[in-house]
Amino acid sequence: MTFHSIYAHGFARVAACVTTSHVADPTANAKAVLAAANACHEQSVAVAVFPELCLSGYAIEDLVKQDPLLDAVERGIAGIVEGSAGLMPVLIVGAPLRFGHRIYNCAVVIHRGNVLGVVPKSYLPTYREFYEGRHFASGAGIAGETIAFGGLHAPFGIDLLFSAEDVPGLTIGVEICEDMWIPVTPSAELALAGASVLINLSGSPITIGRARSRALLCQSTSARCLAAYVYSAAGAGESTTDLAWDGQTSIYENGVLLAEGERFRQGGQITTADIDLDLLRQERALMGTFDDNRRQREAFYRKVTFALKPPSADIGFLRKIERFPFVPSDESLLEQDCYEAYNIQVAGLVQRMRATGTKRVVIGVSGGLDSTHALIVAAKAVDLLGLPRENILAYTMPGFATGSESKTHALALMQALHTSWQELDIRTTATQMLKDIGHPFGEGEKVYDVTFENVQAGLRTDYLFRLANHHGGIVIGTGDLSELALGWCTYGVGDQMAHYNVNAGVPKTLIQHLIRWVISSKQFSDDVNRTLGSILVAEISPELVPVEPGQKPQSTEASVGPYELQDFNLFYTLRFGMRPSKIAFMAQHAWKDVAKGEWPPAFPGDRRRAYDLAEIRRWLEVFLRRFFAFSQFKRSAMPNGPKVSAGGSLSPRGDWRAPSDSSAAAWLEDLERNVPN
């Protein structure tokens with residue numbers, strides 16, 4: 001496998017197919033299925049799903065009992081089997097088949113010239129417009145059987161799983177239409193038995209609102225079963241004697257919609273998506289209750305194996321990858337996320353102040369994004385507690401490199417919020433400390449090393465804690481999740497420490513959107529909002545190292561990497577435990593072209609950047625070294641603060657527990673072995 005192949009990174013391409021139905025004409029339907037199968041092969045699809053009874057047509061009523069039709073169905077299957085010999089996709093086709101004394105509504109699983117198995121429908125709707133009980137027998141309880149038709153023999157029963165021996169994690173479980181509408185579904189049992197890709201072949205005539213119900217069931221099944229769910233319903237060409245059809249197709253993964261097709265399309269369609277088998281495996285391993293549930297419902301399933309023989313070359317990537325996994329590009333989702341995140345932070349601080357009986361909070365305000373956001377969280381918290389804003393004791397503490405713009409922003413914001421505020425210039429005290437410890441700067445030399453920086457950071461925190469003692473308050477931390485991940489904070493008597501950190505669960509890339517939401521939702525007055533808007537456009541800088549006139553100020557991202565890339569790396573490391581090589585592959589597709597893909601609403605055009613694989617690899621290596629080998633000791637002693645994002649937190653009491661003296665060797669080795677330079 002090359003680095004650029006999706007199959008090298010735990011992905012597999014699946015398709016939900018709808019062919020134009022020919023009522024009671026299995027020969028024509030088989031040709032349509034085979035044509036779609038060839039199209040799927042050209043797209044390197046691993047699994048292609050067709051609608052329920054697509055070989056005969058779903059709405060043919062008593063015609064399904066006619067031997068000529070059933071004979072033609074068997075010939076149609078034989079033709080598909082023969083035509084599939086050179087095709088890659090596993091084809092899952094709906095057909096009525098005779099078995100024993102009855103006719104069954106079946107899913108026929110075909111691959112490379114063989115019938116791998118036949119799964120009968122368990123639950124037959126016989127209510128309202130449905131009358132399947134008149135025509136078919138239920139497959140419920142059938143296991144361990146073999147079916148023979150048209151010279152073909154195959155396993156038959158509801159106890160079948162289909163597993164690729166050369167694509168780890170690709171195990172298919174099949175249910176049919178009504179099977180997903182009941183309380184305890186076959187798909188749940190199949191998932192517990194090991195199926196990662198659940199298939200539903202559906203007839204499902206359309207009525208007002210039914211499409212929403214189908215989507216809800218597909219989404220919830222994929223979420224509960226920690227699986228992919230591929231759905232294909234009958235479409236154009238089906239009999240409209242009493243019903244109509246919309247050909248709905250959708251592909252979900254772990255509760256997330258990956259792709260859906262056009263409804264009411266006149267003609268066939270193929271809806272494709274690349275599903276993440278590694279993600280599903282990781283989720284099941286992480287969520288121990290999934291396996292606990294399996295052991296409560298132990299059942300025997302036959303596993304039919306096959307060799308998919310996927311391509312090793314680059315076949316593209318049919319999957320939306322958010323540039324900012326902590327920040328959805330959908331406007332309504334982002335608004336909801338910001339509403340929840342802000343109120344989680346506020347609620348956390350309100351409860352901490354109530355629990356401790358604290359009436360005052362102490363906060364350092366630099367004029368940067370993090371302290372700005374922490375301050376507006378504190379302002380809302382004291383409002384909810386019925387306390388005056390003067391109970392927020394806000395301090396701006398200029399040092400040797402504090403810019404006039406950031407200081408102006410800090411003063412303007414504190415005043416606009418009507419907090420108690422004060423300017424404490426730390427330069428005299430910092431110079432004295434540097435002199436006392438024998439640092440060259442104390443003797444007038446321009447030496448700007450880590451000691452020089454941390455003396456300033458430590459003094460600011462020291463002042464805040466002593467001010468909290470003096471005024472009977474608590475220190476509000478302002479450092480964010482991204483800084484904790486990278487260890488970009490001064491340990492102990494520094495910005496790593498606080499009495500309560502409202503930003504500890506918020507990634508850097510989300511902060512700016514939270515502030516925008518605070519502005520747009522009018523949480524504060526217009527003069528506050530104007531200042532917030534000005535702060536949003538400033539460059540991120542720790543402002544610890546002086547610069548000569550005309551030089552650019554110290555840049556955080558020049559040291560630790562672009563936060564947009566590092567937050568991408570953090571999300572997939574923390575939330576899913578993905579390999580660095582896979583993260584690099586996904587980052588390349590997310591970030592390689594500014595013009596492709598969606599950006600979060602209101603994201604400034606002049607800040608939209610692209611990264612090539614070399615840059616992605618470079619900064620990923622920095623992330624791995626800092627996250628795994630350097631920063632954990634700071635996180636092991638981090639103060640309390642609420643978890644905000646589903647992407648995870650780094651609290652040693654919450655999502656992330658790790659030794660402070662671990663090695664990054666395994667992650668760096670994966671990067672070195674599998675990501676091209």
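This text gives an overview of the structure that appears in the document. (Residues numbered from 1 in each chain as written. Predicted model: local features only at pLDDT ≥ 70, side-chain atom pairs only at ≥ 80, totals over all residues. Heavy atoms only, no water.)

Focus on the overall build of the protein chain
When helices and strands are counted, the protein chain shows 21 helices and 20 strands. Each principal axis of the C-alpha atoms in the protein chain carries an extent, and together these give about 100 × 55 × 45 Å. Counting the 677 residues in the protein chain, one finds 58% classified as buried. Once local pairs closer than 6 in sequence are excluded, the contacts in the protein chain between residues at least 24 apart make up 75%. Roughly 27100 Å² of accessible area belongs to the protein chain as shown, and the carbon and sulfur atoms make up 51% of that amount. For the protein chain, the centre of its 62 positive side-chain charges and the centre of its 73 negative side-chain charges are spaced 2 Å apart. (Helix = DSSP H or I, 4+ residues; strand = E, 2+ residues; numbered from the N terminus. Buried < 20%, exposed > 50% of the residue type's maximum accessible area, 1.4 Å probe, protein only. Contact = heavy atoms within 4.5 Å. Areas by Shrake-Rupley, 256 points an atom, 1.4 Å probe, with all protein chains shown as cover. Lys, Arg positive; Asp, Glu negative; His and termini not counted. Charge placed at Lys NZ, Arg CZ, Asp CG, Glu CD.)

Focus: the pairing of strand β13 (residues 256-260)
As a general feature of sheets, a regular strand has side chains that alternate between the two faces. With 4 bridges joining them, strand β12 (residues 249-253) and β13 adopt antiparallel strand pairing. When the sheet's bridge partners are listed, Tyr-252 is paired in β13 with Leu-257. Between β12 and β13, which pair antiparallel and follow one another directly, the connecting turn spans 2 residues, one of which, Asn-254, has a positive phi of 50°. (Pairing = 2+ DSSP bridges.)

Things to note about a nonpolar patch on the surface
Together, Tyr-491, Phe-630 and Phe-633 make up a nonpolar patch on the protein surface, roughly 280 Å² of accessible area in all. Looking at the element boundaries, Phe-633 is found in helix α20 (residues 632-636). Its relative accessible area of 32% is what places Phe-633 among the partly exposed residues. (Patch = residues over 30% accessible without salt bridge, like charges linked within 9 Å, V, L, I, M, F, W, Y side chains within 5 Å. Salt bridge = Lys/Arg side-chain N within 4 Å of Asp/Glu carboxyl O.)

Here's the deal with the sheet that holds strand β9 (residues 171-176)
Sheet architecture is open: 7 strands sit in the order β13-β12-β11-β10-β9-β8-β15, paired in mixed fashion. Lying at the two open borders of the sheet, with one neighbouring strand each, are β13 and β15 (302-306). Direction aside, the axes of adjacent strands within the sheet are offset by 25° on average. In terms of strand pairing, strand β8 (residues 160-164) meets β9 through 2 bridges, oriented antiparallel. Residue pairing across strands places Ser-163 opposite Thr-171, the latter belonging to β9. Across the sheet, helix α5 (residues 210-224) lies against β10 (197-202), β11 (228-233), β12 and β13, angled at about 25° from β12, the strand it touches most. (Axes fitted to C-alpha atoms, helices over the stretch in contact; angles between N-to-C directions.)

Observations regarding the packing of helix α1 (residues 26-42) against helix α2 (residues 67-83)
Packing of α1 against α2 leaves a shortest axis separation of 8 Å and a crossing angle of 20°. When the axes of α1 and α2 are compared, the pair comes out roughly parallel. Taken as a pair, α1 and α2 cross one another with a handedness that is right-handed. Packed against α1, whose contacting residues are Pro-26, Ala-30, Val-33 and Leu-34, the element α2 presents Leu-69, Ala-72, Val-73, Gly-76, Gly-79, Ile-80 and Gly-83 at the interface. Taken together, the residues of the contact of α1 with α2 break down into 8 nonpolar, 3 polar and no charged. (Parallel < 35°, antiparallel > 145°, perpendicular 65-115°, else oblique. Left-handed = near helix turned anticlockwise from the far one by under 90°. Nonpolar A, V, L, I, M, F, W, Y, C, P; charged D, E, K, R; others polar.)

A closer look at unusual backbone geometry
Although it is not a glycine, Arg-112 sits at a positive phi angle of roughly 45°. Tracing the chain through its elements places Arg-112 in the loop between β4 (102-111) and β5 (114-120). The phi angle at Arg-128 is positive, at roughly 45°, despite the residue not being glycine. As for its position among the elements, Arg-128 is in the loop between β5 and α3 (132-135). Residue classification places Arg-128 among the exposed positions, given a relative accessible area of 70%.

Overview of the packing of aromatic side chains
Evaluation of the coordinates by the stated rule reveals 34 aromatic pairs. With centroids separated by 5.7 Å and ring planes inclined at 55°, the aromatic side chains of Tyr-342 and Trp-517 adopt a geometry described as tilted. Here Tyr-342 is found in helix α8 (residues 331-356), whereas its partner Trp-517 is found in helix α14 (residues 508-520), with 175 residues between them in sequence. Each member of the pair Tyr-342 and Trp-517 is classed as buried. Where Trp-591 meets Tyr-611, the ring centres are 5.5 Å apart and the plane angle is 70°; that geometry is what we call edge-to-face. Of the two residues, Trp-591 sits in helix α18 (residues 580-591) while Tyr-611 sits in the loop between α18 and α19 (613-629), which places them 20 residues apart along the sequence. The exposure class assigned to Trp-591 is buried, which follows from its relative accessible area of 0%. Joined through ring pairs, the aromatic side chains of Phe-324, Trp-591, Trp-599, Phe-603 and Tyr-611 make up one cluster. Here the guanidinium or amino end of Arg-323 rests over the ring plane of Trp-591, the centre of that ring lying 6.0 Å away. (Phe/Tyr/Trp six-rings, centres within 6.5 Å; stacked < 30°, edge-to-face > 60°. Lys NZ or Arg CZ within 6 Å of the ring centre and 35° of its normal.)

Thoughts on the environment of Asp-480
Structurally, the position occupied by Asp-480 is in the loop between β19 (473-477) and α13 (481-486). Here Asp-480 falls in the buried class, since its relative accessible area comes to 0%. For the pair Asp-480 and Arg-98, spaced 382 residues apart in sequence, the C-alpha to C-alpha distance is 64 Å. In contact with Asp-480, not counting residues within four places along its chain, are Asp-370, Asn-503, Ala-504, Val-506 and Lys-508. At a separation of 2.9 Å, a polar atom in the side chain of Asp-480 contacts the main-chain amide nitrogen of Ser-482. Only 2.8 Å separates the side chain of Asp-480 from the side chain of Lys-508, close enough to count as a polar contact. (Polar contact = N/O pair within 3.5 Å; in protein donor to acceptor, adjacent residues only side chain to side chain.)

Structural notes on the pattern of salt bridges
Tallying each qualifying case throughout the model produces 35 salt bridges. In this structure, Glu-483 and Lys-508 form a salt bridge, with 3.0 Å as the shortest nitrogen-oxygen distance. Of the two residues, Glu-483 is situated in helix α13 and Lys-508 in helix α14; the sequence distance between them amounts to 25 residues. For Glu-483, a relative accessible area of 11% corresponds to the buried category. Linked through salt bridges whose partners overlap, the residues forming this network are Asp-276, Asp-278, Arg-281, Arg-579 and Lys-582.

Comments concerning the packing of helix α9 (residues 369-384) against α14
Packing of α9 against α14 brings their axes to within 10 Å, and their N-to-C directions diverge by 45°. With respect to α14, the axis of α9 lies oblique. Crossing handedness for the pair α9 and α14: left-handed. Together, Leu-369, Asp-370, Thr-372, His-373 and Ile-376 of α9 and Lys-508, Ile-511, Gln-512, Leu-514, Ile-515 and Val-518 of α14 make up the contact between the two elements. Taken together, the residues that form the contact of α9 with α14 break down as 6 nonpolar, 3 polar and 2 charged.

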